[in-house]
Amino acid sequence: MEFKTGIIPNELTFGDLFFMGLKRERMFYDREKNQRTDQLESRIYNLASSTQKEQIEVTLPEYIDLKEIDFNKQVNLKNPVIRARAQANGNFANVIWTVEAEDIIEVGSSGGVKKNESNKDPVGAGGEKK
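Residues numbered from 1 in each chain as written. Predicted model: local features only at pLDDT ≥ 70, side-chain atom pairs only at ≥ 80, totals over all residues. Heavy atoms only, no water.

Caption draft 1: Highlighting the environment of Asn-72. Considering the arrangement of structural elements, one finds Asn-72 in the loop between strand E3 (54-61) and strand E4 (74-78). Of the residues examined, Asn-72 reaches a relative accessible area of 46% and is grouped as partly exposed. Between the C-alpha atoms of Asn-72 and Ala-48, which are 24 residues apart in sequence, the distance is 8.2 Å. The contact partners of Asn-72, leaving out residues within four places of it in the chain, are Phe-18 and Phe-19. (Helix = DSSP H or I, 4+ residues; strand = E, 2+ residues; numbered from the N terminus. Buried < 20%, exposed > 50% of the residue type's maximum accessible area, 1.4 Å probe, protein only. Contact = heavy atoms within 4.5 Å.)

See below:
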């Protein structure tokens, strides 16, 4: 079974999400020169999930502005997608789950995403960058 566009979570996957802050910025890596560049690839944020009972890392694309949301404010994800990748560990492999979203929106702000809103265009579904 292949999930080429990732797994689209429903409202029970994360429960209530709370903003914890920016974890790191990921920069492009130039494989020809074998060095990191100063070009932003994405930003990774920590969110607390009431259903998962732990922090989750959410990756936003580079064209989304830096999020300056107050600590522990309730947020929603716009079109989240869950992806899995394998990381080799000797004779074994570990599965690393990643969450990508189009945006993180503070609950109650204009332009927010409602929990029952359908996911029309998930991230990575082959669409062009906006």
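Caption draft 2: Highlighting the packing of aromatic side chains. Considering all chains together, one arrives at one aromatic pair under this definition. Measuring from centroid to centroid gives 5.8 Å for Phe-19 and Tyr-45, while their planes differ by 45°, and the two rings are tilted. A residue pair is termed long-range when its members are at least 10 positions apart, and Phe-19 in strand E1 (residues 17-30) and Tyr-45 in strand E2 (residues 35-49) qualify at 26 residues. The buried category is assigned to Phe-19, whose relative accessible area is 3%. (Phe/Tyr/Trp six-rings, centres within 6.5 Å; stacked < 30°, edge-to-face > 60°.)

Caption draft 3: Fine view of the pattern of salt bridges. This model, assessed by the stated rule, comprises four salt bridges. In this structure, Lys-67 and Asp-103 form a salt bridge, with 2.7 Å as the shortest nitrogen-oxygen distance. With Lys-67 in the loop between E3 and E4 and Asp-103 in strand E7 (residues 103-106), this pair connects stretches of sequence that are 36 residues apart. Residue classification places Asp-103 among the buried residues on the basis of a relative accessible area of 16%. (Salt bridge = Lys/Arg side-chain N within 4 Å of Asp/Glu carboxyl O.)

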